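# Observations on chain architecture
Next come the chains, spelled out residue by residue.
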Protein chains: 2
Amino acid sequence: MHKKLFIPGPVEVRKEVLAQMSKPMIGHRSKEASELQRRISDNLRKLFYTNSEILLSTTSGSGLMEGAIRCCTAKRAAVFSVGAFGKRWYEMALCNNVPADIFEVEMGKAIRPNQVEDVLSTGKYDLVAVTHNETSTGVMNPIKEIGAVIKKYPDVVFIVDTVSSAAGTKIEVDDWGIDICLTSTQKALGLPPGMALCTFSNKAKERAEKVKNRGFYLDLLALYKYIKKKDYQYPSTPSISHMYALDYQLNYILNEEGLENRFARHIEMANIVREWAKKYFELFPEEGYLSNTLTTVKNTRGINVAELNKELGKRGFQISNGYGDIKEKTFRIAHMADCTVLEVNELLKNINDILGLN
Amino acid sequence: MHKKLFIPGPVEVRKEVLAQMSKPMIGHRSKEASELQRRISDNLRKLFYTNSEILLSTTSGSGLMEGAIRCCTAKRAAVFSVGAFGKRWYEMALCNNVPADIFEVEMGKAIRPNQVEDVLSTGKYDLVAVTHNETSTGVMNPIKEIGAVIKKYPDVVFIVDTVSSAAGTKIEVDDWGIDICLTSTQKALGLPPGMALCTFSNKAKERAEKVKNRGFYLDLLALYKYIKKKDYQYPSTPSISHMYALDYQLNYILNEEGLENRFARHIEMANIVREWAKKYFELFPEEGYLSNTLTTVKNTRGINVAELNKELGKRGFQISNGYGDIKEKTFRIAHMADCTVLEVNELLKNINDILGLN
């Protein structure tokens with residue numbers, strides 16, 4: 001039996017989108033490929049409220065995270081981490097010999113703009129990396145406010161991991177001063193995993209031009225130069241199937257559902273899950289910084305999460321256990337992509353039923 | 001109108017395989033994901049005649065090429081190049097600060113084992129990188145014979161790019177002494193582009209353990225350790241759709257068509273195209289080193305290749321122009337994956353018809 005996925009990626013994908021994955025191949029050096037890739041870039045600019053160029057990468061989000069921190073740090077990177085995916089960015093810097101420091105907050109807390117101000121005022125850093133929506137803790141960092149601080153430091157490149165938030169909550173890339181805003185297909189965009197994408201500002205490009213040792217496959221500057229020269233074609237063969245699906249889904253998001261409706265639906269679903277969590281458990285993240293796309297619930301009742309998920313599986317649902325160290329101490333319900341209010345309510349009803357909650 | 005692809009990737013993909021790309025998602029941390037990925041690895045071992053571990057990478061073949069040369073060169077890499085894709089390997093070494101030298105032969109010629117012997121006898125190198133089937137020139141290098149030379153140097157890791165040959169011609173990884181044999185999905189395997197895979201010997205693993213600065217996403221040792229620890233699951237979310245299709249196609253190749261039949265069909269198709277090319281044009285690569293999966297034809301009649309392809313397009317076919325510097329001076333016909341003798345004959349008949357050849 002297929003389990004409807006309420007996990008923070010891969011998400012449940014609409015049938016119409018899945019059907020796009022089965023379309024016959026075209027040459028990646030063809031005019032059709034250029035048109036497809038140009039159209040995707042144009043539509044992603046709308047999704048991200050940006051005039052920056054768009055880069056596509058046949059990798060998971062991690063591929064672009066590594067590319068961004070490696071290609072755009074000339075002096076030293078400041079990684080602000082609120083959980084597992086923030087730490088990953090720091091690890092990526094280290095294993096590429098990129099000078100970096102990590103600034104962590106307690107799990108469940110968000111980064112405050114004044115912390116960023118304190119760090120940047122030392123003058124040591126020329127790049128700030130932040131996770132927008134931490135998939136392990138369910139914290140959504142205040143990127144707009146952090147961006148306002150960074151704007152005071154014109155030499156600092158601002159890179160943001162929006163893997164589990166983009167297309168599920170409004171991210172105004174240009175207004176917030178984000179130089180590289182990256183995500184992948186299998187979260188709030190509502191596609192299968194296998195492709196990542198990012199915005200790439202002129203400032204990011206100019207920085208990368210000063211960085212040597214950017215590697216090959218994850219070299220964002222090389223991607224940028226290639227698509228400019230070759231009319232949106234990529235140096236290596238990209239996943240054409242994902243491009244079909246992405247193209248189709250962007251048209252749906254922008255022209256059928258509409259961005260504002262999509263964001264409002266995510267807030268509505270988030271509110272339902274939060275209210276439920278507060279009624280029967282507690283929220284893990286601090287109030288005021290709750291993710292709109294997934295809710296991390298503190299397991300105050302000491303339920304057996306693995307067992308709950310097993311029972312849910314029999315009914316055709318799947319949620320996530322806590323991540324890493326907070327496994328069983330928390331559990332996660334994702335409410336992102338094309339999942340509906342009705343489906344969220346159905347899931348919660350089933351959880352209540354299994355746990356005997358009223 | 002859909003054009004049947006006779007280009008060296010992406011290739012024409014069977015409908016049944018494309019259908020696999022549309023299957024609903026499963027969690028990448030599920031038992032089903034482990035089983036799927038373990039079964040793929042087991043079957044790939046049969047395809048490659050190896051006992052080595054298998055690594056899957058959500059990248060194009062270039063991603064794994066970079067990972068292989070970066071992770072497994074401790075001293076200095078010797079890249080033997082017969083065209084564009086050999087040069088790419090050298091470029092990847094340079095932009096990762098991996099010490100490397102390139103040894104090139106004239107376009108259309110193959111590497112000779114004694115050249116490799118001469119280079120290795122200097123004692124300067126601990127890795128040899130070779131392209132098996134050069135997609136630009138249509139040359140197939142004598143990997144078995146080169147492997148026999150390398151076996152005399154137990155400290156040398158042998159990495160081979162079989163992107164456009166694997167699953168179209170027999171490659172006996174263990175017998176030939178290949179440490180990393182890599183390919184991608186969109187060539188003779190007959191799948192859409194978007195995933196790469198390789199064999200990873202114990203020797204390659206031990207070498208990688210001595211190399212620092214292996215990066216993150218393309219770190220083959222990290223992939224290896226993770227799948228060993230997590231029952232064939234991967235550190236980042238992989239392209240599950242490609243895994244469905246790969247699993248399905250491997251079962252077809254091994255248990256329905258059969259490996260020997262598949263390789264024989266490729267030779268039969270290659271022979272037809274070679275005979276045709278020799279009758280009306282000339283072969284670009286030297287005899288004795290002809291690729292079994294694609295034929296590069298010398299444009300001795302000075303035809304307008306772009307124009308020919310345009311006319312073919314109207315009839316529902318697509319071939320490739322020459323690559324890079326030998327564009328229009330050559331053209332390429334791929335005969336790989338699941339394309340049939342009948343289809344190859346149909347293509348050639350149409351070319352003859354357009355060019356007025358008899």
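The rules behind each value
- Note that residues are indexed from 1 along each chain, following the sequence as it is written.
- In the order they appear in the text, chains get letters beginning with A and ligands get numbers beginning with 1.
- pLDDT decides what is reported in this predicted model: residues at 70 or higher carry local features, side-chain atom pairs at 80 or more are listed and counted, and totals for whole chains, interfaces and linings draw on all residues regardless.
- Think of the side-chain values as coming from all heavy atoms in the structure, minus any hydrogens and water.
- For every residue, the accessible area obtained with a 1.4 Å probe (protein chains only) is divided by the maximum for its type, and the residue is called buried under 20%, exposed over 50%, and partly exposed between those limits.
- Where helices and strands are cited, they refer to DSSP runs of H or I of at least four residues and of E of at least two residues respectively, numbered from the N terminus.
- Pairing between two strands is assigned when DSSP locates at least 2 bridges connecting them.
- Superposition of the copies used a least-squares fit over C-alpha atoms from residues whose pLDDT is at least 70 in both.
- Any pair of residues with heavy atoms lying within 4.5 Å of one another is described as a contacting pair.
- Crossover handedness is defined here as right-handed if the route from the first strand over the helix to the second strand goes clockwise, with the strands pointing away from the viewer.
- Distance and chemistry together define a polar contact, namely a pair of N or O atoms within 3.5 Å, with one atom able to donate a hydrogen and the other to accept it when in protein, and with adjacent residues in sequence counting only for side-chain atoms on both sides.
- Helix axes are fitted only over the stretch in contact, all axes being lines through C-alpha atoms; the angle between N-to-C directions runs from 0 to 180 degrees.
- By definition, the buried area sums, over both parts, the 1.4 Å-probe accessible area that each loses when the two are put together.
- Each reported salt bridge corresponds to a side-chain nitrogen of Lys or Arg within 4 Å of a carboxyl oxygen of Asp or Glu.
- Amino acids outside the nonpolar list (Ala, Val, Leu, Ile, Met, Phe, Trp, Tyr, Cys, Pro) and the charged list (Asp, Glu, Lys, Arg) are all regarded as polar, and Gly is one of them.
- Residues enter a patch when their relative accessible area is above 30% and they make no salt bridge; the linking distance is 9 Å between like charges and 5 Å between nonpolar side chains (Val, Leu, Ile, Met, Phe, Trp, Tyr).
- Accessibility throughout is a Shrake-Rupley quantity obtained with a 1.4 Å probe, and a residue counts as covered only by protein chains that appear here.
- None of His or the chain ends enter the tally, which takes Lys and Arg as positive and Asp and Glu as negative.
- Here the site of a charge means atom NZ of a Lys, CZ of an Arg, CG of an Asp or CD of a Glu.
- Only a pair of cysteine sulfur atoms within 2.5 Å counts as a disulfide in this structure description.
- UniProt positions are given in the numbering used here, feature names are shortened, and annotations may be inferred rather than shown by experiment.

### Quick word on the pairing of strand β8 (residues 157-161) of chain A
All names here are of chain A. Summarising burial for β8: five of the five residues are buried, a large majority. In β8, alternate side chains face the same way, and those of Val157, Ile159 and Asp161 on one face and Phe158 and Val160 on the other are all buried. Bridging between strand β5 (residues 127-131) and β8 involves five bridges; their strand directions are parallel. Within β8, the position partnered with Thr131 by the bridge is Asp161. Of the strand pairs in this sheet, β8 and strand β9 (residues 180-184) are connected by three bridges, and their pairing is parallel. Each residue of the ladder has a partner; that of Ile159, found in β9, is Ile180.

### Focus on the relation of the copies chain A and chain B
Relating one copy of the chain to the other takes a rotation about an axis and a shift parallel to that axis. In the superposition of chain A on chain B (RMSD 0.0 Å, axial shift 0.0 Å), the rotation amounts to 180°. The operation mapping one copy onto its partner corresponds to a two-fold rotation axis. Most of the interface of chain A is mirrored in chain B, where 100% of its interface residues are also at the interface.

### Overview of the pairing of strand β4 (residues 100-104) of chain B
Residue and element names in this part refer to chain B. Sheet analysis places strand β3 (residues 77-81) next to β4, joined by five bridges and oriented parallel. Counted as the bridge partner of Val79 is Ile102 from β4. Between β3 and its parallel partner β4, the chain crosses via helix α4 (residues 84-94), and the hand of that crossover is right-handed.

### What about the environment of Ser22 of chain B?
Within the fold, Ser22 of chain B resides in the loop between α1 (15-20) and α2 (31-47). Residue class for Ser22 of chain B comes out buried when judged on its relative accessible area of 18%. Put simply, Ser22 of chain B and His242 of chain B are 220 residues apart on the chain and 9.7 Å apart in space, counted from C-alpha to C-alpha. Leaving out residues up to four positions away in the same chain, Ser22 of chain B has contacts with Leu18, Ala19, Met21 and Ser22 of chain A. One polar contact links the side chain of Ser22 of chain B to the main-chain carbonyl oxygen of Leu18 of chain A, over a distance of 2.6 Å. For Ser22 of chain B, the side chain forms a polar contact with the side chain of Ser22 of chain A, separated by 2.3 Å.

### What to know about the sheet that holds β8 of chain A
All names here are of chain A. Across the sheet, which stays open at both edges, the seven strands sit in the order β2-β10-β9-β8-β5-β3-β4 with mixed pairing between neighbours. Unpaired on one side and paired on the other, β2 (53-57) and β4 (100-104) mark the two borders of the sheet. Across the sheet, the mean angle separating the axes of adjacent strands is 20° when strand polarity is ignored. Bridge count between strand β3 (residues 77-81) and β5: four bridges; the pairing is parallel. Residue pairing for β5: Val79 is matched across the bridge by Ala129. Its contacts with the sheet place helix α4 (residues 84-94) against β3, β4, β5, β8 and β9, and it is angled at close to 165° to β4. The sheet strands contacting helix α5 (residues 113-120) are β3, β4 and β5, and the helix crosses β3 at an angle near 160°.

### Looking at the interface of chain A and chain B
Listed per partner, the contact involves 50 residues of chain A and 51 residues of chain B. When chain A packs against chain B, the two sides together hide about 3,600 Å² of surface, and 59% of this comes from carbon and sulfur. On the chain A side of the interface with chain B, the three residues burying the most area are Met25, Phe216 and Tyr217 of chain A, jointly 18% of the side's total. The interface formed by chain A and chain B holds zero salt bridges in total. Applying the counting criterion to the chain A and chain B interface returns 21 residue pairs in polar contact (both at pLDDT 80 or more). Of all the elements in the fold, those that place two or more residues in the side of chain A that touches chain B are α1 (15-20), α3 (61-72), α4 and α10 (240-257) of chain A. For the side of chain A that touches chain B, the leading source of residues is α3 of chain A, giving four residues. The class makeup of the residues in the side of chain A that touches chain B is 21 nonpolar, 21 polar and eight charged.

### Points about a positive patch on the surface
A cluster of like positive charges, contributed by Arg29, Lys229 and Lys230 of chain A together with Lys327 of chain B, occupies part of the molecular surface. Along the chain, Arg29 of chain A falls in the loop between α1 and α2 (31-47).

### Overview of the pattern of salt bridges
Residues and elements named next belong to chain B. Counting across every chain of the model gives 48 salt bridges over all chains. For the salt bridge of Glu343 with Lys4, the shortest nitrogen-to-oxygen distance reads 3.3 Å. Of this pair, Glu343 sits in helix α13 (residues 341-355) while Lys4 sits in strand β1 (residues 4-5), and the two are 339 residues apart along the sequence. Between Lys298 and Glu282 there is a salt bridge, with its nearest N and O atoms 3.5 Å apart. On the criterion of sequence distance, the pair formed by Lys298 in strand β12 (residues 294-298) and Glu282 in strand β11 (residues 282-283) is long-range, its members being 16 residues apart.

### Things to note about the state of the cysteines
Here the structure, examined in full by the defined rule, presents zero disulfides over all chains. Free of any disulfide, Cys72 of chain A has its nearest neighbouring cysteine sulfur in Cys71 of chain A, separated by 6.0 Å. Between Cys181 of chain B, a free cysteine, and Cys198 of chain B, which holds the nearest cysteine sulfur, the sulfur-to-sulfur gap is 8.6 Å.

### Regarding the UniProt feature "modified residue: N6-(pyridoxal phosphate)lysine" (unreviewed entry) in chain A
Residue and element names in this part refer to chain A. UniProt's feature table lists "modified residue: N6-(pyridoxal phosphate)lysine" (unreviewed entry) at Lys187, given in the numbering used throughout. Residue Lys187 is classed as buried on the basis of its relative accessible area of 7%. Residues in contact with Lys187, not counting those within four places in the same chain, are Pro8, Gly9, Val11, Thr135, Val163, Ser164, Met336 and Ala337.

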